[in-house]
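Examining the three-dimensional arrangement
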Amino acid sequence: MDMIFLLTALIVIFALAFDFINGFHDTANAIATSVSTRALAPRQAIILAATMNFIGALTFTGVAKTITKDIVDPFALENGSVVILAALTAAIAWNLITWYYGIPSSSSHALIGSVAGAAISAAGFDILHYEGFLKIMESLVISPFLALGVGFVMMTLFRFIFKNANLSRTTKGFRMFQVVTASLQAYTHGTNDAQKAMGIITMALIAAGYHTSTDIPEWVRISAAMAMGLGTAVGGWKIIKTVGGKIMKIRPINGAAADLSSALIIFGATTIHLPVSTTHVISSAIMGVGAAQRVKGVKWGVAQRIVLTWIITLPVSALIAGFVYQIFRLFF
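Residues numbered from 1 in each chain as written. Predicted model: local features only at pLDDT ≥ 70, side-chain atom pairs only at ≥ 80, totals over all residues. Heavy atoms only, no water.

**A few points about the overall build of the chain**
Looking only at helices and strands, the chain features twelve helices and zero strands. Reading the chain from its N terminus to its C terminus gives the helix and strand order α-α-α-α-α-α-α-α-α-α-α-α. In the chain, which comprises 332 residues, the proportion classed as buried is 58%. Long-range pairs, those at least 24 residues apart, make up 87% of the contacts in the chain between residues at least 6 apart in sequence. (Helix = DSSP H or I, 4+ residues; strand = E, 2+ residues; numbered from the N terminus. Buried < 20%, exposed > 50% of the residue type's maximum accessible area, 1.4 Å probe, protein only. Contact = heavy atoms within 4.5 Å.)

Structure below.
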C-alpha cells in the first residue's frame, strides 16, 4: 500500500477520532448549566446537544479554512502527513488526559498548539504562518475575557428586568428558556469546534496532493459533523460536574444568562472565521454571571485551575506534538 495514502487514511481516522473525543469532552460545557438546574434531564440534554451539534457542524466552513491555511501553509509543508498525524496524536492524548481528570481544557488550544509544535519540530520556526497564527492566538486569548464581560452584563440586565418578578414564576420561565439557550449553545459549538477537524483533514489532503484548494470537501464536512454528533451522544459527565456546579451554584436565571452570553461570543467568532475555545468561553461566561450576582459566590479556586489549564495547554501540547513527530519520522 502506498505510504502517502496510508498516512492520509490514518489522519482522517485520527481527525474524526479527535472530533468524536471533542464531542464528548466539550458536550458537557454546552449542556452543563441546563442539567445542573434540572431544565433538562441528562438524556434529553445529550440528545438535544448531539442534534444541534450535528446541524451546526454542517452550517459553516470559515473556521475550517482558517485552520487549514493560517497556522502553516499546507502547500509548503514538507513531510506534511507525518506532521499532521503527530499533531493529532498529541491533541488526542492531551484531551483524554484532561477529560480523565475532569478538567475543562481546550480542544482548540490542544489542536492548534499541536499543529504548531509538530510543524516547528519538522521545519523550524520559519514554517509558521505568523500573521494567521497570531490572529488565531488573539482570538483564543480575547474571547474568554469577552465572555466574562458579556456574562456580567447579561446577568446584570436580567436582574434589573426581573427584580420585581415573582420568584417561582421567574424560575419556571427561565428553566423553560434554558431549553432554547442550551440548543443555541450546542448549535454554536458545532459551528466552531467541528470545523477544526475539517480543517485538519483538508490540510492533510493538500499535503498529500489529493486536494488542490482550501475549500472543504463535502464528505469531510459530513463525516466530521457525524463524528462530533456521535461523540456528543456519549457525553462527558466528569466535566459537567466541574462546569455545572463547581464554579458557582447555578440557578435557571444564571444558566440562561451564561448560555446566551457564551453562544453570542462563539457564534460571533464563527461568523468572522476565527476558532475559539468553547470550553473557556462557556466557563468564563459562568464566572461573569456569578460575579454579577455575588463575587464571593464564584469558587475562584476552581476558576484558577481552569485558567491554569488554559495557559499550559497550548505549550504542553506543542511540546508533546514535537516529541511525537520525532518518533514518527523514524517509522514513516
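Now, onward.
**Considerations on the pattern of salt bridges**
Side chains that differ in charge, positive against negative, can pair when their charged atoms come close. By the definition in use, this model includes five salt bridges. The residue Lys69 makes a salt bridge to Asp70 at a minimum N-O spacing of 3.2 Å. Of the residues examined, Lys69 reaches a relative accessible area of 35% and is grouped as partly exposed. Two residues, Arg221 and Glu218, come together in a salt bridge whose shortest N-O distance is 3.8 Å. Here Glu218 and Arg221 lie together in helix α8 (residues 218-234), a separation of three residues that amounts to about one turn. Judged by its relative accessible area of 16%, Arg221 is buried. Residues participating in the shared-partner salt-bridge network are Lys69, Asp70 and Lys135. (Salt bridge = Lys/Arg side-chain N within 4 Å of Asp/Glu carboxyl O.)

**Structural notes on the nonpolar core**
Of all hydrophobic cores here, the largest spans 53 residues; its most connected members are Ile71, Val72, Leu88, Met198 and Ile200. Contributions of two or more residues to this core are made by α1 (3-36), α3 (62-70), α4 (80-100), α5 (107-123), α6 (130-161), α7 (167-207), α8 and α12 (300-328). It is α4 that provides the largest number of residues to this core, a total of eleven residues. If we skip the residues at most four places from it in the chain, Val72 touches Leu77, Ala119, Ile127, Leu128, His129 and Met203. (Core = buried A, V, L, I, M, F, W, Y, C linked by side-chain atoms within 4.5 Å.)

**Describing α3**
Extensive coverage of α3 is indicated by the burial of seven of its nine residues. Listed in full, the buried residues belonging to α3 are Gly62, Val63, Ala64, Thr66, Ile67, Thr68 and Asp70.

**A few points about α8**
Given a rise of 1.5 Å per residue, 17 residues ought to cover 24 Å, and the 25 Å separating the end C-alpha atoms of α8 matches this to within 8%. Within the span of α8, buried status applies to Val220, Arg221, Ser223, Ala224, Ala225, Ala227, Met228, Gly229, Gly231 and Thr232. (Expected span 1.5 Å × (residues − 1).)

**Topic: a nonpolar patch on the surface**
There is a patch of nonpolar side chains on the surface, built from Met3, Leu6, Phe323, Ile327, Leu330, Phe331 and Phe332 and spanning about 730 Å² of accessible area. Residue assignment for the nonpolar patch shows that the elements contributing at least two residues are α1 and α12. Note on placement: Leu6 falls in helix α1. (Patch = residues over 30% accessible without salt bridge, like charges linked within 9 Å, V, L, I, M, F, W, Y side chains within 5 Å. Areas by Shrake-Rupley, 256 points an atom, 1.4 Å probe, with all protein chains shown as cover.)

**Remarks on the packing of aromatic side chains**
For the coordinates displayed, the defined rule picks out six aromatic pairs. Ring geometry for Phe328 and Phe332: centres 5.9 Å apart, planes at 85°, overall edge-to-face. With relative accessibility at 18%, the residue Phe328 sits in the buried group. For Phe332, a relative accessible area of 35% translates into the label partly exposed. Among the aromatic residues, ring-to-ring pairing joins Phe158, Phe162, Phe174 and Phe177 into one connected group. (Phe/Tyr/Trp six-rings, centres within 6.5 Å; stacked < 30°, edge-to-face > 60°.)

**Some points on the environment of Ala194**
Counting through the fold element by element, Ala194 comes out in helix α7. Ala194 gets classed as buried once you look at its relative accessible area, which sits at 0%. The spatial distance from the C-alpha of Ala194 to the C-alpha of Ala224 is 6.3 Å, given a sequence separation of 30 residues. Residue contacts for Ala194: discarding those within four places in its chain leaves Asp19, Ala57, His189, Ala224 and Met228.

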